[in-house]
Amino acid sequence: MAEQQQGCELDQDQFCCPICLDLLKKPVTLNCGHSYCSSCIEGYWDQYEESGVYSCPQCRESFSPRPVLRKNTMLAEVVMKLSSTGAQQSPAAPLYAGPADVACDLCTGARRRKALMSCLACLASYCETHLQPHYNAPALQKHKLVPATDKLKEKMCSRHDKLMEAFCRTDQQSICYLCTMDEHKGHDTVSAAAEKAEKQKQLVTSQEEVQQKIQEKKKELKDLRQVLEGLNRSAEAAVEASDRIFSEMMVSIQRRRVELRELIKDQQQNAVAPTEALLRQLEQTLEQLERRHAELEELSNTEDNITFIQSFQSLSSSTGSPVSPSVLICPLRSFTDVTDVVSGLRDQLDNILKTTWPQIAERVCAVDVLHPAEAEPQTRKDFLQYSSPLSLDINSIHKHLSSSEEKRKVTFTRQQQPYPDHIERFTVRQVLCTESLSERGYWEVERSGRRARIAVCYKDTDRQTYFGDNDKSWCLDCYDKDYRFIHNSVETKVSGPVTSRVGVYLDHKAGTLSFYSVSDTMTLLRVLHTVQTTFTQPLYPGIGVWGSYGDTAELCKTW
């Protein structure tokens, strides 16, 4: 009996509807041999009513017109017996599709099971049970399965309702193979697999570039942290050293204060003691003199002659007037002079602090605090955003250079110009701009003639030397069809296209100075020369013109 029941249990799965997965109800059998519940297969075919083509959900065999279904009596009896024997067991709780899941396209009812895979040939998604024919049926095993997705329609050509298995490189879009014969005929088309392989190579390159950038950013992060740590350590050390130095200064001043106090006390004691002794002696002498004066006064008032004579003789025979040392009193010299000297010392210290403090503050402010680097300009449009108005400084212009009214253009002239003498004026044919640059700046110079020097320099550059011939100026020497970069009398040959217009880009804080060849049709500038250094003062643009009379150089209005 147990063996008979076990046989029923083993055979039970064979009588389940592949659509609803329950025991067949009013079973019907298609011409292909597969059986379904009558309501399940009818409901499935209702979805394809418009196309007029009806297929088996398992083997995909098509029927047209729609078959008329009849009840399979034998199957109905078997299912009825299975139901009556109570052999049917409650199936395991199915895994139903949630809002974020892909539902099985073959499941029916209010709730459908969660799909595991999607078929790119069938363009349908299947749950675990409905997926089994793709594993078992030889015709379905060739279909390509992918993880369940609700974007199957996006993989279909909207025009031909075919899978987009090709890619048009001309139009950069996915297409089906029918598209290659009409709309995209003659275009550069490849299979989707070939395009993926090509894109995969690009992806690998992009990954390598991103990985390289990651390494670079990690290094920058490490360096920046080291700079930050060094900056903090340096600041803490500076505070400690400054506190120590000021403490030492205060200790030194306090020590001098105590020494001065003791010196004044000692000098006071040395000066007061003999003076007080002399004062006491003088007081005693004065007392004796006043007593003798009283005796003499009393004698002068005596009327008795005999008494007067006797008393006078007595006073005369006594010791004469008391003798006291002669005192030479000098003009008063108090310790006020010492106070004056100490006040002078205080004033000197104040002056030293006033003079030195700006230098100390400047050194403190000169410490660079790093910020995220700005993107370097790439196109001429990018450079032009750093342009600002520039004008020539007439006080610095050489007397054989004439200036235009707008103070942007200079011309080498034979006749000397009536400029007044000025300490800023060059003795060689050069001129500076009035404006200084201490941040980012860009300007262009248009030249005509044989020779011109386009430069930047400090304000205190030598007025008797050419740009580039000292350590306070940097210049591009444009001579005929040749370029040279000059700094501190060191010349560097520069190669590049020779144009009448030269662009200059300065990043003062980064210490970058670059010269570019410029033409009106250029979008990207061609760099001629770049120098990397440290600028310690604001820089002034400068122009030098010499070669032939009539040669000119002009600051182009790019702002």
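Reading guide: rules and limits
Residues numbered from 1 in each chain as written. Predicted model: local features only at pLDDT ≥ 70, side-chain atom pairs only at ≥ 80, totals over all residues. Heavy atoms only, no water. Pairing = 2+ DSSP bridges. Helix = DSSP H or I, 4+ residues; strand = E, 2+ residues; numbered from the N terminus. Axes fitted to C-alpha atoms, helices over the stretch in contact; angles between N-to-C directions. Phe/Tyr/Trp six-rings, centres within 6.5 Å; stacked < 30°, edge-to-face > 60°. Buried < 20%, exposed > 50% of the residue type's maximum accessible area, 1.4 Å probe, protein only. Lys NZ or Arg CZ within 6 Å of the ring centre and 35° of its normal. Patch = residues over 30% accessible without salt bridge, like charges linked within 9 Å, V, L, I, M, F, W, Y side chains within 5 Å. Areas by Shrake-Rupley, 256 points an atom, 1.4 Å probe, with all protein chains shown as cover. Salt bridge = Lys/Arg side-chain N within 4 Å of Asp/Glu carboxyl O. Disulfide = S-S within 2.5 Å.

With that settled, consider the sheet that holds strand E5 (residues 117–119). Read across the sheet, 3 strands follow the order E6-E5-E7 without closing on themselves; strand pairing throughout is antiparallel. With one partner strand each, in any of the chains shown, strand E6 (124–126) and strand E7 (145–147) form the two edges of the open sheet. Sheet twist, expressed as the mean angle between neighbouring strand axes with direction ignored, is 35°. Across 3 bridges, the pairing between E5 and E7 is antiparallel. Bridging from a neighbouring strand, Met-117 pairs with Pro-147 of E7.

Aromatic rings in a pair are described by how distant their centres are and how their planes are angled relative to each other. Taken as a whole and judged by the stated rule, the model has 13 aromatic pairs. Between Tyr-458 and Trp-474 the ring centres are 5.5 Å apart and the planes differ by 80°, which places this aromatic pair in the edge-to-face class. Of this pair, Tyr-458 sits in the loop between strand E15 (451–457) and strand E16 (473–479) while Trp-474 sits in strand E16, and the two are 16 residues apart along the sequence. Taken individually, Tyr-458 and Trp-474 each receive the classification buried, so the pair is uniform in this respect. Here the aromatic residues Phe-383, Tyr-386, Tyr-442, Tyr-505 and Tyr-516 are joined through ring pairs into a cluster of three or more. Its end group placed over the ring of Tyr-479, Arg-451 keeps NZ or CZ at 4.7 Å from the ring centre. Geometry around Phe-426 places Arg-463 over its ring, the cationic atom sitting 4.9 Å from the centre.

It is worth spelling out the pairing of strand E14 (residues 440–448) at this point. Counting buried positions over the 9 residues of E14 gives 7, a clear majority of the element. Strand direction decides the pairing type here: E14 and strand E19 (residues 501–507), joined by 7 bridges, are antiparallel. Across the sheet, Trp-443 pairs through a bridge with Val-504, a residue of E19. As paired elements, E14 and strand E23 (residues 552–555) share 4 bridges and run antiparallel to each other. For Arg-447, the partnering residue across the bridge sits in E23 and is Ala-553.

Looking now at the sheet that holds strand E17 (residues 482–487). Taken in spatial order, the 6 strands of this open sheet run E13-E22-E15-E16-E17-E18, and their pairing is antiparallel. Strands at the two margins of the open sheet, each flanked by one partner only, are strand E13 (430–432) and strand E18 (490–494). The sheet shows a mean angle of 20° between the axes of neighbouring strands, taken without regard to direction. One ladder, built from 3 bridges, connects E13 with strand E22 (residues 540–545); its direction is antiparallel. Considered in E22, the bridge of Leu-432 is made with Gly-542.

Okay, a nonpolar patch on the surface next. On the surface, a nonpolar cluster with roughly 480 Å² of combined accessible area is contributed by Ile-245, Phe-246, Met-249, Met-250 and Leu-353. With 4 residues, helix H6 (residues 192–300) is the single largest residue contributor to the nonpolar patch. Judged by relative accessible area, which is 38%, Met-249 ranks as partly exposed.

Moving on, we come to the state of the cysteines. By the definition in use, this model includes 0 disulfides. The thiol sulfur of Cys-122 is not disulfide-bonded, and the nearest other cysteine sulfur, from Cys-119, lies at 3.4 Å. Since its relative accessible area comes to 13%, Cys-122 is described here as buried. Cys-179 forms no disulfide, and the closest cysteine sulfur to it belongs to Cys-176, at a distance of 3.5 Å.

On to the pattern of salt bridges, then. The final tally for this structure, using the stated rule, is 26 salt bridges. Residues Arg-66 and Asp-46 are paired through a salt bridge, measuring 3.0 Å at the closest nitrogen-oxygen approach. Residue Arg-66 is located in the loop between strand E4 (62–63) and helix H3 (73–84), and its partner Asp-46 is located in helix H2 (residues 38–46); the two are separated by 20 residues in the primary sequence. One network of salt bridges, in which partners are shared, links Arg-451, Arg-453, Asp-469, Asp-477, Arg-484 and Glu-491.

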